[in-house]
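Geometric and topological summary
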Amino acid sequence: MKPKSVIQRLLRYFRSRSREEVRIGIYGAPNVGKTTLANRIAEDWGAERFGEVSEIPHETRCSVRRRVRIELGSSRVDFEIVDTPGVATKVDYRKFLKYGLDVREAKQRAKEATRGVVEAIRMLKNIDGALVVIDSTKDPLTQVNVTLIGNLEANEIPFIVVANKIDLKEADPSAVEDAFSDYPIVKVSAKTGENMEDLYKAMVREFTS
Amino acid sequence: MTGEEIKVEVMAKSALEGMSRTEIVDYVIEKAKDGAVIVFEGQLNPDLLTEIIQRTMEEVDVEEFTGIDIYVVPPKAKAQRSRRSLVDKLLGRRSEEGVTVISPADVLKDLKKGEDFITLKLG
Ligand SMILES: Nc1nc2c(ncn2[C@@H]2O[C@H](COP(=O)(O)OP(=O)(O)OP(=O)(O)O)[C@@H](O)[C@H]2O)c(=O)[nH]1
Ligand SMILES: [Mg+2]
């Protein structure tokens, strides 16, 4: 192990020890359903809603944190869940115009979206674990997914791949499974709540030691 | 970007080896803002890619520079063995192999990606 990684692990350990909750970032590309998932978790465990959901990408432009206590059988874990802005390599305000935003609103949204991505990436250094949300109706091997997962792995941060939107008939969760077969994965619909129990079990299993 | 002329820079592995992390990030951003497509021999590690995405977002100015596209071609022999090693390749665990293309956003149209090649159509 590289000395740098030992130091990073120690730092993370002490930081997480000084917190009572296990901090989990919800990461992924824009529009994959991160906030829908966060709201679902909040609803299931009696926490406050995280925020608005929209078909327009970059709806979340500032991260939102909520304390969520998950109790399964004899285990009880206090999480701090962070819903983060979607990570993208490009933001073009013109793409927002077709959703009915005017030019001024679209430019403002684009500006905030870029800041959101930076914030989400910075937060990567400050989490104890992550849920990497992937839209099962799309090609899973995008550069954003591969980079996020590579980064978490390189920094030894535990994570769960969440193949979302399995309620849609064009969803192909097995493609996500094939692409990321090395990692813990759950297939859910944040919208309908299908398989959320699997996610909670995985969270308790993967994020507590 | 007006799109009449697109520069393509092809960089050998040795060119990157002489550069620090920051120099690579600066270089990529500078070229992308300049409208150039860079083709690297090899792959960039995930930390470096993350830094490139972060810097790109800091530089996006809404009007002129909207960001970048990144494409990776994993080396064929390993890619064929299993999907698992394909991901290994994409994650850049063998950074000496494969090819990475970074372009200004939406410059490469009709991009065709195969197991071991990318067809880049400029303009
Ligand atoms: N059918 C279906 N639609 C979903 C599901 N999850 C989210 N969506 C839809 O996908 C769109 C995006 O959802 P969000 O939760 O806003 O996505 P996000 O990842 O938070 O997006 P950003 O905040 O922009 O990064 C919305 O139209 C949601 O209704 C799901 O499980 N099934
Ligand atoms: Mg959101």
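Below you will find a few notes about this structure.

1. So, the overall build of chain B
- When its secondary structure is counted, chain B shows 5 helices and 6 strands.
- For chain B, the α and β elements follow one another from N to C terminus as β-α-α-β-α-β-α-α-β-β-β.
- Looking at chain B as a whole, 49% of its 123 residues qualify as buried.
- Carbon and sulfur atoms make up 46% of the accessible area of chain B, which totals about 6100 Å².

2. Concerning the interface of chain A and chain B
- Each partner contributes to the interface: chain A provides 34 residues, whereas chain B provides 28 residues.
- Summing both partners gives a buried area of about 2700 Å² for chain A against chain B, and 58% of it is carried by carbon and sulfur.
- Our count for the chain A to chain B interface comes out at 5 salt bridges.
- Where Asp106(B) meets Lys95(A), a salt bridge forms, and the shortest distance between an N and an O atom there is 3.2 Å.

3. Some remarks on the site of ligand 1
Residues and elements named next belong to chain A.
- Taken together, 22 residues lie around ligand 1, and Lys 34, Thr 36, His 58, Thr 60 and Asp 167 are the ones closest in.
- Take Asp 167: an N or O atom from its side chain is 2.7 Å from a nitrogen atom of ligand 1.
- Between ligand 1 and Ser 189, the relevant distance is 3.3 Å, taken from an oxygen atom to a side-chain nitrogen or oxygen of the residue.
- Relative to its unbound accessible area of 660 Å², ligand 1 is 91% covered by the protein chains.
- For the shell around ligand 1, the residue count by class is 6 nonpolar, 10 polar and 6 charged.

4. Overview of helix α2 (residues 34–44) of chain A
Residues and elements named next belong to chain A.
- For α2, a buried count of 8 out of 11 residues is recorded, marking the element as mostly surrounded by other parts of the structure.
- Contacts made by the buried residues of α2 are with β1 (22–28), β2 (64–72), β3 (75–83), β4 (129–135), β5 (159–164) and α7 (196–207).
- Of the residues trailing α2, Gly 46 is marked for its positive phi of about 70°.

5. Observations concerning the coordination of the magnesium ion (ligand 2)
All names here are of chain A.
- Around the magnesium ion (ligand 2), the protein contributes the donor atoms Thr 35 (OG1) and Thr 60 (OG1), which lie 2.0 Å from the metal centre. Of this pair, Thr 35 sits in helix α2 while Thr 60 sits in the loop between α2 and β2, placing them 25 residues apart in sequence.
- Taking relative accessible area as the criterion, Thr 60 reaches 13% and is therefore assigned buried.

6. What about empty space enclosed by the protein?
- For the structure shown, the criterion picks out 1 cavity of 30 Å³ or more.
- Considering only enclosed or pocket space, the largest cavity measures out at about 40 Å³ in volume.
- What lines the largest cavity is simply Val87(A), Ile121(A), Leu124(A), Val144(A), Thr147(A), Leu148(A), Thr50(B) and Ile53(B).
- Contributions of two or more residues to the lining of the largest cavity are made by α5 (143–154) of chain A together with α3 (46–59) of chain B.
- No other element matches α5(A), which puts 3 residues into the lining of the largest cavity.

7. What about the packing of helix α2 (residues 21–33) of chain B against α3(B)?
Residue and element names in this part refer to chain B.
- One can describe the packing of α2 onto α3 by two numbers: an axis separation of 10 Å at closest approach and a directional angle of 45°. When the axis of α2 is compared with that of α3, the two are oblique. Here the hand of the crossing between α2 and α3 comes out right-handed. Mapping the contact onto sequence places Arg 21, Ile 24, Val 25, Asp 26, Val 28, Ile 29 and Lys 33 in α2 and Asp 47, Leu 48, Glu 51, Ile 52, Arg 55, Thr 56 and Glu 59 in α3.
- A breakdown of the residues in the contact of α2 with α3 according to their chemical character gives 6 nonpolar, 1 polar and 7 charged.

8. Some points on α7(A)
- Its 12 residues place the ends of α7(A) 16 Å apart at the C-alpha level, agreeing with the 16 Å of an ideal helix rising 1.5 Å per residue.
- Burial in α7(A) covers these residues: Met196(A), Leu199(A), Tyr200(A), Ala202(A), Met203(A), Val204(A) and Phe207(A).

9. A short note on the packing of aromatic side chains
Residue and element names in this part refer to chain A.
- Scanning the model with the defined rule gives 3 aromatic pairs over all chains in all.
- Ring geometry for Phe 159 and Tyr 183: centres 5.1 Å apart, planes at 45°, overall tilted. Taken as a pair, Phe 159 in strand β5 and Tyr 183 in the loop between α6 (173–179) and β6 (185–187) lie far apart in primary sequence, 24 residues in all.
- On the accessibility criterion, Tyr 183 (9% relative accessible area) is buried.
- The ring of Tyr 93 carries Lys 107 above its face, with NZ or CZ at 5.2 Å from the centroid.
- Here the guanidinium or amino end of Arg 109 rests over the ring plane of Phe 96, the centre of that ring lying 5.5 Å away.

Parameters at a glance
- Residues numbered from 1 in each chain as written.
- Chains lettered and ligands numbered in written order.
- Predicted model: local features only at pLDDT ≥ 70, side-chain atom pairs only at ≥ 80, totals over all residues.
- Heavy atoms only, no water.
- Helix = DSSP H or I, 4+ residues; strand = E, 2+ residues; numbered from the N terminus.
- Buried < 20%, exposed > 50% of the residue type's maximum accessible area, 1.4 Å probe, protein only.
- Areas by Shrake-Rupley, 256 points an atom, 1.4 Å probe, with all protein chains shown as cover.
- Contact = heavy atoms within 4.5 Å.
- Buried area = accessible area lost by both parts, 1.4 Å probe.
- Salt bridge = Lys/Arg side-chain N within 4 Å of Asp/Glu carboxyl O.
- Near = heavy atom within 4 Å.
- Polar contact = N/O pair within 3.5 Å; in protein donor to acceptor, adjacent residues only side chain to side chain.
- Nonpolar A, V, L, I, M, F, W, Y, C, P; charged D, E, K, R; others polar.
- Donors = N, O, S within 2.8 Å, 3.2 Å for Na, K, Ca; no water.
- 1 Å grid on protein atoms, 1.4 Å probe; cavity = no way out; pocket = protein on both sides within 12 Å on 5 of 7 lines; lining within 4 Å.
- Points joined across faces, edges and corners; volume = space filled by probe spheres on them.
- Axes fitted to C-alpha atoms, helices over the stretch in contact; angles between N-to-C directions.
- Parallel < 35°, antiparallel > 145°, perpendicular 65-115°, else oblique.
- Left-handed = near helix turned anticlockwise from the far one by under 90°.
- Expected span 1.5 Å × (residues − 1).
- Phe/Tyr/Trp six-rings, centres within 6.5 Å; stacked < 30°, edge-to-face > 60°.
- Lys NZ or Arg CZ within 6 Å of the ring centre and 35° of its normal.

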